[in-house]
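Letter by letter, the chains look like this.
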There are 2 protein chains.
Amino acid sequence: MTRVIEVAELERVLPTLELMAPIEAGFAAYSRGEAIVPPVGELSFEDPPGDVHIKYGAIRKGGTYLVKIASGFYQNPQRGLPVSNGLMIAFDSQTGAPRAVLLDQGLLTRTRTAIAGAIAAKHLAPRKIDCIGIIGTGTQAHLQLQYLAGVLKCRRAMVLSRSAERARRYAQDLAAHQFEVGIAADVEQLFAACQLVVTTTPARSPVVPAEVVRPGTHITAVGADTPQKQELATGVLGKADIVVADSIAQCRERGEISHALRDKSLRAEDVRELGAVIDGRTPGRTRDDQISVADLTGVVVQDIQIASAVLERIAQNR
Amino acid sequence: MTRVIEVAELERVLPTLELMAPIEAGFAAYSRGEAIVPPVGELSFEDPPGDVHIKYGAIRKGGTYLVKIASGFYQNPQRGLPVSNGLMIAFDSQTGAPRAVLLDQGLLTRTRTAIAGAIAAKHLAPRKIDCIGIIGTGTQAHLQLQYLAGVLKCRRAMVLSRSAERARRYAQDLAAHQFEVGIAADVEQLFAACQLVVTTTPARSPVVPAEVVRPGTHITAVGADTPQKQELATGVLGKADIVVADSIAQCRERGEISHALRDKSLRAEDVRELGAVIDGRTPGRTRDDQISVADLTGVVVQDIQIASAVLERIAQNR
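As a starting point, this report considers the structure included with it. Model, not experiment: these values are computed from the prediction.

### A short note on the overall build of chain A
Here comes step 1: When its secondary structure is counted, chain A shows 11 helices and 15 strands.
Here comes step 2: Once the C-alpha set of chain A is aligned to its principal axes, its extents read approximately 55 × 45 × 40 Å.
Here comes step 3: A burial count over chain A gives 61% of its 318 residues as buried.
Here comes step 4: For chain A, the exposed surface amounts to about 12,700 Å²; the carbon and sulfur share of it is 49%.

### Considering helix α2 (residues 20-31) of chain B
Residues and elements named next belong to chain B.
Here comes step 1: Its 12 residues place the ends of α2 17 Å apart at the C-alpha level, agreeing with the 16 Å of an ideal helix rising 1.5 Å per residue.
Here comes step 2: Most of α2 is tucked away: 9 of the 12 residues are buried.
Here comes step 3: For α2, the set of buried residues is Met-20, Ile-23, Glu-24, Gly-26, Phe-27, Ala-28, Ala-29, Tyr-30 and Ser-31.
Here comes step 4: Of the residues trailing α2, Gly-33 is marked for its positive phi of about 80 degrees.

### Brief notes about unusual backbone geometry
Residues and elements named next belong to chain A.
Here comes step 1: Cis geometry marks the peptide bond from Asp-47 to Pro-48, where omega comes out at 0 degrees.
Here comes step 2: Its place among the elements puts Pro-48 in the loop between β3 (41-46) and β4 (49-59).
Here comes step 3: For Gln-178, which is not glycine, the phi dihedral falls at a positive 70 degrees.
Here comes step 4: Among the structural elements, Gln-178 can be located in the loop between α5 (164-175) and β10 (180-183).
Here comes step 5: Despite not being glycine, Lys-264 shows a phi value in the positive range, around 60 degrees.

### A closer look at the packing of helix α4 (residues 139-148) of chain B against helix α5 (residues 164-175) of chain B
Axes are the key here: two packed helices are described by the angle between their axes and the distance separating the axes.
Residue and element names in this part refer to chain B.
Here comes step 1: Two elements in contact, α4 and α5, have axes separated by 11 Å at closest approach and are oriented at 35 degrees. The hand of the α4/α5 crossing is right-handed. Judged by residue contacts, Ala-141, His-142, Leu-145 and Gln-146 of α4 engage Tyr-170, Asp-173 and Leu-174 from α5.
Here comes step 2: Its residues assigned to classes, the contact of α4 with α5 comprises 4 nonpolar, 2 polar and 1 charged.

### Here we look at the packing of aromatic side chains
Each aromatic ring pair is summarised here by two numbers: the centre-to-centre distance and the angle between the ring planes.
Here comes step 1: One pass over the structure, following the stated rule, counts 6 aromatic pairs over all chains.
Here comes step 2: When the ring of B:Tyr65 is compared with that of B:Phe91, the centres are 4.7 Å apart and the planes differ by 10 degrees; the resulting orientation is stacked. With B:Tyr65 in strand β5 (residues 64-73) and B:Phe91 in strand β6 (residues 84-92), this residue pair connects regions lying 26 residues apart in the sequence.
Here comes step 3: Using a relative accessible area of 0% as the deciding quantity, one classes B:Tyr65 as buried.
Here comes step 4: On the basis of relative accessible area, B:Phe91 is assigned to the buried category, the value being 0%.
Here comes step 5: Taken together, the ring pairs connect A:Phe45, A:Phe73, B:Tyr65 and B:Phe91 into an aromatic cluster.

### Overview of the relation of the copies chain A and chain B
One copy of the chain maps onto the second through a rotation around an axis plus a translation along that axis.
Here comes step 1: Mapping chain A onto chain B calls for a screw motion: a turn of 180 degrees about the axis and a shift of 0.0 Å along it, with 0.0 Å RMSD after fitting. Such a combination of turn and shift is consistent with a two-fold rotation axis. Taking C-alpha positions as reference, the residue of chain A nearest the rotation axis is A:Gly41, located at 3.6 Å.

### With respect to the interface of chain A and chain B
Here comes step 1: Each partner contributes residues to the interface: chain A has 38 residues there, and chain B has 38 residues.
Here comes step 2: Where chain A abuts chain B, roughly 3,000 Å² becomes buried across the two surfaces, and 72% of that area is made up of carbon and sulfur atoms.
Here comes step 3: Remark: the boundary between chain A and chain B carries 0 salt bridges.
Here comes step 4: Contributions of two or more residues to the side of chain A that touches chain B are made by β3, β4, β5 (64-73), β6 (84-92) and β7 (98-102) of chain A.
Here comes step 5: Residue composition of the side of chain A that touches chain B, by class: 23 nonpolar, 11 polar and 4 charged.

### Some words on the packing of α2(B) against helix α3 (residues 107-124) of chain B
Residues and elements named next belong to chain B.
Here comes step 1: Where α2 contacts α3, the axes come no closer than 10 Å and their chain directions differ by 80 degrees. With respect to α3, the element α2 is oriented roughly perpendicular. For the pair α2 and α3, the contacting residues are Met-20, Ile-23, Glu-24 and Phe-27 in the first and Arg-112, Ile-115, Ala-116, Ala-118, Ile-119, Lys-122 and His-123 in the second.
Here comes step 2: Partitioning the contact of α2 with α3 into residue classes produces 7 nonpolar, 1 polar and 3 charged.

### Here we look at the sheet that holds strand β15 (residues 292-295) of chain B
Paired through their backbone hydrogen bonds, the strands of a sheet run either parallel or antiparallel.
Residue and element names in this part refer to chain B.
Here comes step 1: With parallel pairing, 8 strands are arranged side by side in an open sheet as β10-β9-β8-β11-β12-β15-β13-β14. Each edge of the sheet is formed by a strand with only one pairing partner; in this case those strands are β10 (180-183) and β14 (271-273). Averaged over all pairs of adjacent strands, the angle between strand axes in this sheet comes to 25 degrees, irrespective of strand direction.
Here comes step 2: Across 3 bridges, the pairing between strand β13 (residues 242-245) and β14 is parallel. Bridging from a neighbouring strand, Val-244 pairs with Arg-272 of β14.
Here comes step 3: Against the sheet, α4 engages β8 (132-135), β9 (156-160), β10 and β11 (196-199), with an angle of about 160 degrees to β8.
Here comes step 4: α5 rests against β8, β9 and β10 of the sheet, and its axis sits at about 170 degrees to β10.

### Comments concerning α5(B)
Residue and element names in this part refer to chain B.
Here comes step 1: Taking 1.5 Å as the rise per residue, α5 with 12 residues should run 16 Å; its terminal C-alpha atoms sit 17 Å apart, in good agreement.
Here comes step 2: Considered for burial, the residues of α5 that qualify are Ala-167, Tyr-170, Ala-171 and Leu-174. Seen along its axis, α5 keeps its buried residues to an arc of 100 degrees; they face one direction.
Here comes step 3: Here the buried face of α5 lies against β8, α4, β9 and β10.

### Some remarks on the side chain of A:Asp295
All names here are of chain A.
Here comes step 1: One can find Asp-295 in strand β15 (residues 292-295).
Here comes step 2: Of the polar contacts made by the side chain of Asp-295, one reaches the backbone nitrogen of Glu-256; its length is 3.0 Å.
Here comes step 3: Beyond its immediate stretch of four places on either side in the chain, Asp-295 contacts Ala-221, Val-244, Ala-245, Asp-246, Cys-251, Arg-254, Gly-255, Glu-256 and Ile-257.

### Things to note about the side chain of B:Thr137
Here comes step 1: One can find B:Thr137 in the loop between β8 and α4.
Here comes step 2: Not counting chain neighbours up to four residues away, the residues in contact with B:Thr137 comprise B:His142, B:Val159, B:Ser161, B:Arg166, B:Ala167 and B:Tyr170.

### A short note on the state of the cysteines
Here comes step 1: Tallying each qualifying case throughout the model produces 0 disulfides over all chains.
Here comes step 2: B:Cys194 takes part in no disulfide bond, and the closest cysteine sulfur to it belongs to B:Cys131, at a distance of 3.6 Å.

### Brief notes about the pattern of salt bridges
Residues and elements named next belong to chain B.
Here comes step 1: As enumerated under the stated definition, the model contains 31 salt bridges over all chains in all.
Here comes step 2: Glu-165 is the salt-bridge partner of Arg-168, the closest N and O atoms lying 3.2 Å from each other. With Arg-168 and Glu-165 both in helix α5, this residue pair falls 3 residues apart, about one helical turn.
Here comes step 3: Owing to a relative accessible area of 41%, Arg-168 belongs among the partly exposed residues under this scheme.
Here comes step 4: A salt bridge links Glu-269 to Arg-267; the nearest nitrogen and oxygen atoms lie 3.7 Å apart. In this pair, the class of Glu-269 matches that of Arg-267, namely exposed.

What counts as what
- Residues numbered from 1 in each chain as written.
- Chains lettered and ligands numbered in written order.
- Predicted model: local features only at pLDDT ≥ 70, side-chain atom pairs only at ≥ 80, totals over all residues.
- Heavy atoms only, no water.
- Helix = DSSP H or I, 4+ residues; strand = E, 2+ residues; numbered from the N terminus.
- Buried < 20%, exposed > 50% of the residue type's maximum accessible area, 1.4 Å probe, protein only.
- Areas by Shrake-Rupley, 256 points an atom, 1.4 Å probe, with all protein chains shown as cover.
- Expected span 1.5 Å × (residues − 1).
- Axes fitted to C-alpha atoms, helices over the stretch in contact; angles between N-to-C directions.
- Left-handed = near helix turned anticlockwise from the far one by under 90°.
- Contact = heavy atoms within 4.5 Å.
- Nonpolar A, V, L, I, M, F, W, Y, C, P; charged D, E, K, R; others polar.
- Phe/Tyr/Trp six-rings, centres within 6.5 Å; stacked < 30°, edge-to-face > 60°.
- Least-squares fit on C-alpha atoms with pLDDT ≥ 70 in both.
- Buried area = accessible area lost by both parts, 1.4 Å probe.
- Salt bridge = Lys/Arg side-chain N within 4 Å of Asp/Glu carboxyl O.
- Parallel < 35°, antiparallel > 145°, perpendicular 65-115°, else oblique.
- Pairing = 2+ DSSP bridges.
- Arc of directions from axis to C-beta.
- Polar contact = N/O pair within 3.5 Å; in protein donor to acceptor, adjacent residues only side chain to side chain.
- Disulfide = S-S within 2.5 Å.

Here it is, written out as structure tokens:
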């Protein structure tokens, strides 16, 4: 019997779960080679424009394989719909039987992406953070800051948006989460004030030039998940002391690192993997004045771990 | 709202549908370049052994994209479970919203594969068929013969199996479908009696040597859907007058044609595509004494078409 789980049930269950540890464990297992993670499948539509990612895989000893379909259709807001949608399916890796369909409408993807941002900050941010910078005002801009509250004491933030109205609304929204959010006039001002910056836009040309990034900064880039998207000038990665990919294999093909490798701002051997940093096999930040960049393209081990945690809790509740 | 459709409802609806025409139309659209069909995604497990295929795509003007997960876990029968399982999900290609989850347990895949066999026979078999040969006794061995009844008058068949017991049971089962089924002692006898042979095994080394195949024979090979599997000696394709792939792109990577291309028994330019034959842009069989081979690896356009037909009927019924 395949269990079908609606988003309302997921919304009830998620706040009851501690998800940092299982997702860290997922990254670590992946970096130890204990996961099967084939290349991301992709479908693109032009009219209206939409990207669909199909991520699938398994943690070898886990007993489950997962297929996740996540879409972004950029004109949805004109129809009163959110940009992102999707679902996950968990299968029994002994028999192929579908155990559960999680009709999460992208909720689990948004959540595990925000948690990955918190994990990156935990392992890579400098010790003293006066202000957190957020570029973009969409769902990830909201969630990243909310989940950072779990790993950082700092409650001061600064947002950068092309729209003054959206920036104002964002500052208001996050005030409800105990954040005091200022509005940056430009990217220079943001980087002058912030030691941790999260970029969350679907930009196709860089919004962060190399010049603005100062020693003692950590940047987490979560927006670029296709080969076309790019938020950071390749020079940012070129000048960084530490560049971390959630998946080196995946970041070769898509995201910030792919651009920097292509124009040789970055050498492949200088890219570290998040799971190895989590495991302590690869050093993360060793000095406060280093520049670090985490490029998060989203790895199916995150989906496997969040779905497994949710399904376990739902089974307990019944 | 995502509709979830259980296998029982699919079993009720399927017999009410005429599916040859929409699936032919799907192949034709694909061969005209009107479909988006990325490479097949794959997951393999070793303990217990299982293959998972993830097929996804869209017909450009269709309004739907489909993701299908189909698995084969070969030790399932020891647990009292069928080898194959899976499900399909139909999404709105304007918004990414999942319209329906079809919990078909592989039923739609099995059905569209059998229908593709009937389509291949319709376009490629010689006019006069005295006896239909079936190699293998599994689900496809059953379904292929049943669906051939829709396009051929012949009701005589011969089955070849490594197990006398399974062959006997197969003959019994198909008697219920008005087929008179003899049991072949060996592959020579089968090909001496039959002008149309369907191979349906998961063999990893050829079960049909080139010598046994006579002029005036059509072979449909449906078993080999991974790069490792192979039912026909490459010499069979080498001596054939007509070699047809359901998808040339896919057959380069997997199935009978991939083996024959690799050992140069076959030249890439001599492979025709089923949809182009259906459309009449490429000739099929032109003489009764030709040897023809159809290599069916399964294309997501078949899944799109069968799922769309089923969903349309279910919407009408409600």
